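# Structural overview
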Amino acid sequence: MIGLFDSGCGGLTVLRAIRARAPQVDIVYFGDIRNAPYGSKSQKELERLTKNGIQVLQSFGAKDVVSACNSASTSFLEGATRGRFVEMTRPTARAMRLLAGARVLLLATEATVKSGIYNDALDPIVSLTPLPAALLASSIENGEDNAEISRIVSTLFDIVARKKFDAVLLACTHYPLVRDVIQNEVDARWGHIPVLDPADAVAEEVVERFPIAGGGKTTFYISKESAPFQRLVRRLFGARKYAVEVVS
Ligand code: DGL
């Protein structure tokens, strides 16, 4: 069984990409909403939360683990965990080779930007401008409307308005949930350039590296009740009824 881990609903974008490639695999998902957002936490706190998240997943039977969270990926890379795992940056770097030489705006949480993991992974391949986005992930997590998301994104883009880009990389798994809103803001600033979601690259690495077995069951656990999370599960995964259980 594969376990997926995020601070909340962002990892659902990775789950969706894995499901599209491996409908038969059994998946257990843990969204640590009680401790969200992760993006404003210190490296030390993230290591502790990552270890805890992995333990939760293992206690429900996960053998292989995906960090469907960029902010927690640092801890995976630092060896906070043993065993088989996939994190966000390496598969993304592999996919970004197609864009070699491009000027890329890296939209990510403060923790991800501060960690430098994307600079390490991408600097030799593309020219990266990191833009730390406070508030964006938590606003998505809380189910804010598109007008509010637009306002936040526009204010962020003001910071880099004078620069030129060939692509924007969504380096937080929450952001693809509002990809259309971000694309509109990007189009208004820089013309129609690609807004990239690394979920597909991560899902490809998952099906390459992990055993794909089971009956296609998905089980959701969250560490705090959340109506927006419940709504999103229904929106993304359709009519089938899923149990979303709260664990402490
Ligand atoms: N979705 C996560 C990420 O990819 C975490 C966002 C947050 O909780 O701040 O970084």
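Notes on the structure in this doc start here. (Residues numbered from 1 in each chain as written. Predicted model: local features only at pLDDT ≥ 70, side-chain atom pairs only at ≥ 80, totals over all residues. Heavy atoms only, no water.)

With 12 residues, helix α9 (residues 179–190) ought to run about 16 Å at 1.5 Å a step, and its terminal C-alpha atoms sit 16 Å apart, in line with that. All of the buried residues in α9 are V181, I182, Q183, E185, V186 and W190. Buried residues in α9 make contact with β5 (103–108), α8 (146–159), β7 (167–170) and β8 (195–196). Just downstream of α9, G191 is the residue with a positive phi angle, here 80°. (Helix = DSSP H or I, 4+ residues; strand = E, 2+ residues; numbered from the N terminus. Expected span 1.5 Å × (residues − 1). Buried < 20%, exposed > 50% of the residue type's maximum accessible area, 1.4 Å probe, protein only. Contact = heavy atoms within 4.5 Å.)

As a further point, take the packing of aromatic side chains. In this structure the tally under the stated criterion is 11 aromatic pairs. Pairing F157 with W190 gives two aromatic rings, centres 5.0 Å apart and planes at 65°, and the pair type is edge-to-face. With F157 in helix α8 and W190 in helix α9, the pair connects residues that are 33 residues apart, well separated along the chain. Note on F157: relative accessible area 0%, which makes it buried. A relative accessible area of 14% means that W190 is categorised as buried. Taking 5.2 Å as the distance between ring centres and 80° as the angle between the ring planes, the aromatic pair formed by F165 and W190 counts as edge-to-face. Taken together, the residues span a long stretch of sequence, with F165 in the loop between α8 and β7 and W190 in helix α9 at a distance of 25 residues. W190 carries the same exposure label as F165, and that label is buried. Through a chain of ring-to-ring contacts, three or more aromatic side chains come together here, namely Y29, F220, F229, F237 and Y242. (Phe/Tyr/Trp six-rings, centres within 6.5 Å; stacked < 30°, edge-to-face > 60°.)

Here we come to the state of the cysteines. This model, assessed by the stated rule, comprises zero disulfides. For the unlinked cysteine C9, the closest cysteine sulfur is that of C172, found at 9.0 Å. Assessed through its relative accessible area of 1%, C9 is described here as buried. (Disulfide = S-S within 2.5 Å.)

With that out of the way, let us pick up the site of the ligand. The ligand sits among 13 residues. The nearest are S7, Y38, G39, S71 and H174. In this structure, D6 approaches the ligand through a side-chain N or O atom, which is 3.0 Å from a nitrogen atom. Here an oxygen atom of the ligand and a backbone polar atom of N70 are 2.8 Å apart. Computed on the free molecule, the ligand has an accessible area of 300 Å², of which 98% lies beneath the protein chains in the complex. A class-by-class count of the residues in the shell around the ligand yields five nonpolar, seven polar and one charged. (Near = heavy atom within 4 Å. Polar contact = N/O pair within 3.5 Å; in protein donor to acceptor, adjacent residues only side chain to side chain. Areas by Shrake-Rupley, 256 points an atom, 1.4 Å probe, with all protein chains shown as cover. Nonpolar A, V, L, I, M, F, W, Y, C, P; charged D, E, K, R; others polar.)

With that settled, consider the sheet that holds strand β6 (residues 127–132). The strand order across the open sheet built from four strands is β6-β5-β7-β8, with neighbouring strands paired in parallel fashion. Each end of this open sheet is capped by a strand with a single partner; those strands are β6 and β8. Sheet analysis places β7 next to β8, joined by two bridges and oriented parallel. Note that in β8 the partner of V168 across the bridge is V195. Its contacts with the sheet put α8 on β5 and β6, and the angle it makes with β6 is roughly 130°. (Pairing = 2+ DSSP bridges. Axes fitted to C-alpha atoms, helices over the stretch in contact; angles between N-to-C directions.)

Turning our eyes to something else, we now look at the pairing of strand β1 (residues 2–6). When you tally the buried positions in β1, you get five out of five residues, the bulk of the element. Neither face of β1 is open: one carries I2, L4 and D6, the other G3 and F5, and all of them are buried. Where β1 meets strand β2 (residues 27–31), five bridges bridge the pair, whose relative direction is parallel. When the sheet's bridge partners are listed, G3 is paired in β2 with V28. In this fold, β1 hands off to helix α1 (residues 12–21), which returns the chain to β2; that crossover is right-handed. Alignment of β1 against strand β3 (residues 64–67), held across four bridges, turns out to be parallel. Bridged to G3 within β3 is V65. (Right-handed = clockwise from strand over helix to strand, strands pointing away.)

With an omega dihedral of 0°, the bond running from A36 to P37 counts as a cis peptide bond. With respect to the secondary-structure elements, P37 resides in the loop between β2 and α2 (43–59). The backbone of L135 sits at a positive phi, close to 75°, despite the residue not being glycine. As for its placement among the helices and strands, L135 is situated in the loop between β6 and α7 (136–141). Taking the relative accessible area as the measure of exposure, L135 reaches 59% and is therefore exposed.

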